[in-house]
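Residue strings, one per chain:
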Amino acid sequence: MVLVFNAKKRLTLTAGVAGVMAALLEGCSSTPTAPAADGAPVAPPRPPATSGPAPMPPPPPFDPNMPPPAPREFRAAWVSTVANIDWPSRNNLSPEKQQAEAVAILERCKALNLNAVVLQVRPSADAIYPSELEPWSEFLTGQQGRAPKGGYDPLQFWIEQAHARGLELHAWFNPYRARHATAKSPLARNHIANTNPEAVKTYGRYLWMDPGESAASQRTLDVILDVVRRYDIDGVHIDDYFYPYPIDTPNAAGPEGVALDGGVGGKQELEFPDQPSWQRYLLGGGTLDRPHWRRQNVNALIQALYLGIHKEKSWVRFGISPFGIGRPDRRPPGIVGFSQYDKLYADAELWLANGWLDYLAPQLYWPVAQAPQAFDVLLDYWLAQNPRARHVWPGLYTSRIDNTAKTFTPEEIVKQIGVTRSRAGVRGHLHFSIAALMENRKGVADQLKAQAYQTAALSPATPWLGAEAPAAPTAQARRETTGVGVRLAAGAGKPVSHYAIWSRYGSEWRFAVAPASRPVLLLADDAAGAAAEMVVVSAVDRLGNESARVSAYKRS
């Protein structure tokens, strides 16, 4: 497939002849391209992992007139809608109960000092928002195609409520799954399996869109760009489901039941039934072997998404969360396990090398001490595959804190956060999934708040999408009965999404973040009843660029 813009400037994927495919493959080979002009980051030596807390890097020496740099760390949780894993808790809740559950999730994220949620908006070629392209998801209302009552738009509700709390909302799409194994209701008339059945294949208990069919990849591209145009999202996020996990392997369920052995010991596999699209490619003059052809089908979609998203809105970041173990021919000594390169046909190393994403969230779902899939070794591997210095924010398997024999302790998650903070090229992580944090399994939420998330943090900047700083805000502040009241206003020019606020109490600088939609706040007195002695503020745009700081208040 190749990328073209038609007369209406709509990005499309079309099948190409042999020469075009060969040229495209050459331009997208698995050999990393040259590093960007500013050079490639070098993974530092791996320090020994400890079981202690995972603090943010220590602040610089205290200066009573100069607050320290803003803490920077992407802190997110995945919110799964498929099979009602996280939200809504059941598929027949009223809109009011769905909204109450969503608000509870967002409140927990805010209380824990997270700064983003990754919400699954397309579980299986369906939608949790009104769409002219795909039917309503049965995981919302119990029947595919049935809309929620009262004209309620769940995605719009999530975006508004997240932004009101200063949280980013990244829309998570499954690119190819067409029906989940747990689905019960019949397919809606406008589901792609009914409107374009040749693009959909049966694979075990799943329906799967064939990446070799142009109509399948085009549908995914159209769906995602439709959401980018219509909704005020902060990011587009896709998961690890490209070609399906082979049936009869321990990884058949992907991140919803990923094997902690890394996928060793799989049984005989059922071949994915893409013979019609494969034969069509060969008859058209294609010269790639089948594995390379499958990878190229996926590569074409990834590149089209990156180009299309930023053509629509330059500030919307594109993230991919692949399986956490890299290509077999590049792995560090001692690392073994499932090969997404050979089984899912996902060449994540190529995507990093070509800069076709803004952040990579590899699913590093194994303990630090599990040598064949050691968390820290795998993290260093992905950093070494990143010549263009894109964000690398690993996924943590927080939901493995459970009652099984392979359970994690909360200390394991805290330790893994500590590993991420010890690497210069990592400034963030994501929890799979929000359920463990909502349930506070074995006290994990309490431990994270006390040991890892003591203060708020801004998302790291994404300078390759734009590095211009916004104008400094204007600020008014005065002493109130129980604190210092601050009123902020954005300066002229580019919009801002957040305000960064430092307040000094004696010899301590405290940091907070406020959404631009709520520019009036009260900095409460401390436990002894003392008010802030100084307040400094700055404005932050949607790419994390920070303005000059201004003094808002100083006690005379």
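This structure is a prediction, so every number in the text was calculated from the model and none was measured.

Q: Before we go on, may I ask you to explain the packing of aromatic side chains in this structure?
A: For any pair of aromatic rings, geometry is given as the distance between the ring centres together with the angle between the planes. Taken as a whole and judged by the stated rule, the model has 28 aromatic pairs. Taken together, the ring pairs in this structure connect Tyr 206, Trp 208, Tyr 241, Tyr 245, Phe 323, Phe 338 and Trp 366 into an aromatic cluster.

Q: Any chance you could explain the side chain of Asp 239 here in plain terms?
A: Positionally, Asp 239 belongs in the loop between strand 9 (235-238) and helix 7 (275-283). Arg 177 is the oppositely charged side chain nearest to the buried, salt-bridge-free Asp 239, at an N-O distance of 5.3 Å. Reaching out from Asp 239, the side chain makes a polar contact with the side chain of Asn 174 at a distance of 3.3 Å. Side-chain polar atoms of Asp 239 contact the backbone nitrogen of Tyr 241, separated by 3.2 Å. Beyond its immediate chain neighbours, meaning those up to four positions away, Asp 239 contacts Gln 120, Trp 172, Phe 173, Asn 174, Pro 175, Ile 320 and Ser 321.

Q: Which parts of the structure should I look at to understand the pattern of salt bridges?
A: Two side chains carrying opposite charge are able to pair once their charged atoms lie near each other. Scanning the model with the defined rule gives 28 salt bridges in all. The salt bridge partner of Arg 294 is Asp 274, with a shortest N-O separation of 2.9 Å. You can see Arg 294 sitting in helix 8 (residues 290-312) and its partner Asp 274 sitting in the loop between strand 9 and helix 7, a full 20 residues away along the chain. Of the two residues examined, Arg 294 and Asp 274, each falls in the buried class. One network of salt bridges, with partners in common, ties together Lys 201, Asp 210, Glu 213 and Arg 280.

Q: I keep staring at the nonpolar core and nothing clicks. Help me out?
A: Across soluble globular proteins, nonpolar side chains show a tendency to be buried alongside one another. Counting 126 residues, the largest nonpolar core has Tyr 129, Phe 173, Ile 233, Phe 318 and Trp 351 as its most contacted members. Among the elements that make up this core, the one with the highest residue count is helix 8 (eight residues). When sequence neighbours within four positions are dropped, the list of residues in contact with Ile 233 reads Ile 159, Leu 169, Ala 171, Val 227, Val 228, Trp 315, Val 316 and Arg 542. Tyr 499, Val 537, Ala 539 and Tyr 553 belong to the second largest nonpolar core, which has 17 residues in total.

Q: I tried to follow the confidence of the model for the protein chain on my own but got confused; where do I start?
A: Where the model shows low pLDDT, its predicted coordinates should not be examined in detail. Scored by pLDDT, the protein chain comes out at a mean of 90, with 86% of its residues at no less than 70. Within the model, pLDDT remains below 50 along residues 2-9, and this stretch shows 21 contacts once partners closer than five positions in the same chain are excluded.

Q: Sorry if this is basic, but what is going on with the pairing of strand 18 (residues 508-515) here?
A: Two faces make up the sheet, and in a regular strand the side chains alternate between them. Pairing analysis gives eight bridges linking strand 17 (residues 498-505) to strand 18, with the strands arranged antiparallel. Each residue of the ladder has a partner; that of Tyr 499, found in strand 18, is Ala 514. Where strand 17 hands over to strand 18, the hairpin turn is made up of two residues, of which Gly 506 adopts a positive phi near 60°.

Q: Whenever I open this one, the sheet that holds strand 19 (residues 520-524) confuses me. Can you help?
A: Sheet strands line up and pair through hydrogen bonds in the backbone, either parallel or antiparallel. The strand order 15-16-19 describes an open sheet built from three strands, whose pairing is antiparallel. The open sheet has two edge strands with one neighbour each: strand 15 (474-479) and strand 19. Geometrically, the sheet is characterised by an average inter-axis angle of 20° between neighbouring strands, direction not taken into account. As judged from the five bridges shared by strand 16 (residues 483-489) and strand 19, these two strands associate in the antiparallel manner. Bridge pairing in strand 19 places Val 484 opposite Leu 523.

Q: Help me understand the pairing of strand 4 (residues 116-122), please; the structure alone is not making it clear to me.
A: Within strand 4, seven of the seven residues are buried, which leaves the element mostly enclosed by the surrounding structure. The pairing of strand 3 (residues 74-79) with strand 4 spans four bridges and is parallel. Across the sheet, residue Trp 78 finds its bridge partner in strand 4, namely Val 118. Crossover connection from strand 3 via helix 2 (residues 95-111) to parallel strand 4: handedness right-handed. Alignment of strand 4 against strand 5 (residues 168-173), held across six bridges, turns out to be parallel.

Q: Can you walk me through the sheet that holds strand 14 (residues 428-431) in this structure?
A: Spatially, nine strands are ordered 12-11-10-9-5-4-3-14-13 in an open sheet, and the strand pairing comes out parallel. Sheet topology places strand 12 (391-392) and strand 13 (395-396) at the edges, where each strand pairs with a single neighbour. The pairing of strand 13 with strand 14 spans two bridges and is classified as parallel. Following the sheet pairing, Gly 395 is matched in strand 14 by Leu 430.

Q: Would you mind showing me how to read the side chain of Asn 545 here?
A: Tracing the backbone through its elements, the reader meets Asn 545 in the loop between strand 20 (534-540) and strand 21 (550-554). Residue Asn 545 is classed as buried on the basis of its relative accessible area, which comes to 7%. Engagement of the side chain of Asn 545 in a polar contact is seen with the backbone oxygen of Gly 466, the distance being 3.0 Å.

Q: Sorry if this is basic, but what is going on with the environment of His 391 here?
A: Topologically, His 391 is positioned in strand 12. Aside from chain neighbours lying at most four places away, what touches His 391 is Asp 358, Tyr 359, Leu 360, Pro 460, Ala 461, Thr 462 and Trp 464. Of the polar contacts made by the side chain of His 391, one reaches the side chain of Thr 462; its length is 3.2 Å.

Q: Please explain the packing of helix 2 against helix 4 (residues 154-164) as it appears in this structure.
A: Angle between the axes and distance between the axes: these two values describe a pair of packed helices. Viewed as axis vectors pointing N to C, helix 2 and helix 4 meet at an angle of 35°, and their least axial separation amounts to 10 Å. Seen from above, helix 2 lies across helix 4 with right-handed handedness. Residues Gln 99, Ala 102, Val 103, Ile 105 and Leu 106 of helix 2 pack against Phe 157, Trp 158, Gln 161 and Ala 162 of helix 4. Residue classes in the contact of helix 2 with helix 4 are distributed as seven nonpolar, two polar and no charged.

Reading the values: rules and limits
Residues numbered from 1 in each chain as written. Predicted model: local features only at pLDDT ≥ 70, side-chain atom pairs only at ≥ 80, totals over all residues. Heavy atoms only, no water. Phe/Tyr/Trp six-rings, centres within 6.5 Å; stacked < 30°, edge-to-face > 60°. Helix = DSSP H or I, 4+ residues; strand = E, 2+ residues; numbered from the N terminus. Buried < 20%, exposed > 50% of the residue type's maximum accessible area, 1.4 Å probe, protein only. Lys, Arg positive; Asp, Glu negative; His and termini not counted. Salt bridge = Lys/Arg side-chain N within 4 Å of Asp/Glu carboxyl O. Polar contact = N/O pair within 3.5 Å; in protein donor to acceptor, adjacent residues only side chain to side chain. Contact = heavy atoms within 4.5 Å. Core = buried A, V, L, I, M, F, W, Y, C linked by side-chain atoms within 4.5 Å. pLDDT = per-residue confidence, 0-100. Pairing = 2+ DSSP bridges. Axes fitted to C-alpha atoms, helices over the stretch in contact; angles between N-to-C directions. Right-handed = clockwise from strand over helix to strand, strands pointing away. Left-handed = near helix turned anticlockwise from the far one by under 90°. Nonpolar A, V, L, I, M, F, W, Y, C, P; charged D, E, K, R; others polar.

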